[in-house]
Amino acid sequence: MRYLRSDGRVAVRRPRPGDEAEFVAAARRSRDLHHPWLSAPGDAEQYAAYLRRIRRQDTSGFLFCDRASGEIAGYANIGGIVLGALRGGYLGYAAFRPYAGTGHASAGVRLVVAHAFETLGLHRLEANIQPGNEPSKKLARRLGFRLEGFSPDYLFVDGAWRDHERWAITAPPTP
């Protein structure tokens with residue numbers, strides 16, 4: 001398996017068509033964990049649409065995997081990528097059962113953030129998190145994201161416009 005980055009226990013790679021069965025099974029197994037915060041692709045058609053979306057120029061998708069088993073532990077996406085003077089994007093992430101709460105998501109998202117800054121050349125990532133999503137806010141805080149604001153009715157999620165907190169991180173200064 002070709003990984004983009006690894007910390008020894010967790011590795012990050014790009015999603016492939018051959019991941020469909022494992023990804024969909026993990027998403028279905030984790031529905032109650034994700035609801036009402038997000039809806040991961042839960043069937044073949046949704047997974048195919050996900051692959052098309054993350055292959056656009058303004059979007060990038062990643063799987064974080066357990067190195068020992070090779071299993072998909074979760075995923076992260078960077079959307080709305082803008083280059084030029086901004087060089088930023090919007091980060092979303094989710095862990096899958098049984099890896100939620102094991103540190104796999106923290107390690108995986110940390111690797112994705114490093115890849116975004118060091119390889120993709122981004123300067124800023126923003127994570128928009130619903131106020132009640134404590135696990136996601138804790139992960140963002142742990143990785144050095146800072147709370148920058150509140151956006152009422154910001155994103156359409158689970159059938160309604162939801163408020164979100166705006167969390168952001170910028171690339172460390174280069175010497």
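Residues numbered from 1 in each chain as written. Predicted model: local features only at pLDDT ≥ 70, side-chain atom pairs only at ≥ 80, totals over all residues. Heavy atoms only, no water.

J.: Any chance you could explain helix α5 (residues 134-142) here in plain terms?
T.: Side chains that are three or four residues apart share a direction in an α-helix, a result of its 3.6 residues per turn. Here α5 has its buried residues at Ser136, Lys137, Leu139 and Ala140. Buried residues of α5, seen end-on, are gathered within an arc of 160 degrees and therefore sit on one face of the element. Set apart from the buried face of α5 by more than 90 degrees, the exposed residues are Pro135 and Arg142. Looking at the buried side of α5, the elements it contacts are β5 (88-95), α4 (104-118), β6 (124-129) and β8 (160-170). Where α5 terminates, the next one or two residues include Gly144, which has phi positive at roughly 100 degrees. (Buried < 20%, exposed > 50% of the residue type's maximum accessible area, 1.4 Å probe, protein only. Helix = DSSP H or I, 4+ residues; strand = E, 2+ residues; numbered from the N terminus. Arc of directions from axis to C-beta. Contact = heavy atoms within 4.5 Å.)

J.: Explanation requested: the packing of aromatic side chains in the structure shown.
T.: Where two aromatic rings form a pair, the distance of their centres and the angle of their planes describe that pair. One pass over the full model with this rule turns up 8 aromatic pairs. Between Phe23 and Tyr47 the ring centres are 5.2 Å apart and the planes differ by 45 degrees, which places this aromatic pair in the tilted class. Residue Phe23 is located in helix α1 (residues 20-29), and its partner Tyr47 is located in helix α3 (residues 44-54); the two are separated by 24 residues in the primary sequence. The same class applies to Phe23 and to Tyr47, which are both buried. (Phe/Tyr/Trp six-rings, centres within 6.5 Å; stacked < 30°, edge-to-face > 60°.)

J.: It is not clear to me how the pairing of strand β7 (residues 146-157) should be interpreted in this structure. Could you clarify?
T.: A regular strand places its side chains so that they alternate between the two faces of the sheet. When β7 meets β8, the two strands line up antiparallel, connected through 8 bridges. If you follow Val157 over to β8, its bridge partner there is Ala160. Where β7 folds back on β8, the antiparallel hairpin that results is connected by 2 residues, among which Asp158 adopts a positive phi of roughly 55 degrees. (Pairing = 2+ DSSP bridges.)

J.: When you look at the packing of α1 against α3 in this model, what are you seeing that I'm missing?
T.: Between two packed helices, what matters for the description is the angle formed by their axes and the separation of those axes. Contact geometry for α1 and α3: axes closest at 10 Å, N-to-C directions at 110 degrees. Our classification of the angle between α1 and α3 gives roughly perpendicular. α1 and α3 meet at a crossing whose hand is right-handed. Each of Glu20, Phe23 and Val24 in α1 lies in contact with α3, whose residues at this interface are Ala44, Tyr47 and Tyr50. (Axes fitted to C-alpha atoms, helices over the stretch in contact; angles between N-to-C directions. Parallel < 35°, antiparallel > 145°, perpendicular 65-115°, else oblique. Left-handed = near helix turned anticlockwise from the far one by under 90°.)

J.: Please clarify how the confidence of the model for the protein should be interpreted in this entry.
T.: Detailed reading of predicted coordinates is not advised where the pLDDT is low. With 99% of its residues at a pLDDT of 70 or more, the protein has an overall mean of 95. At the low end of the mean pLDDT range in the protein sits helix α2 (residues 31-34), at 90; at the high end sits strand β2 (residues 10-13), at 98. (pLDDT = per-residue confidence, 0-100.)

J.: Would you explain the pairing of β5 in this entry?
T.: Here β5 lies mainly inside the structure; 6 of its 8 residues are buried. Pairing geometry for strand β4 (residues 72-82) and β5, over 7 bridges, is antiparallel. Note that in β5 the partner of Gly74 across the bridge is Ala95. Where β4 hands over to β5, the hairpin turn is made up of 5 residues, of which Gly84 adopts a positive phi near 75 degrees. Here 3 bridges tie β5 to β6, and the two strands are oriented parallel to one another. When the bridges of β6 are listed, Tyr90 appears paired with Glu126.

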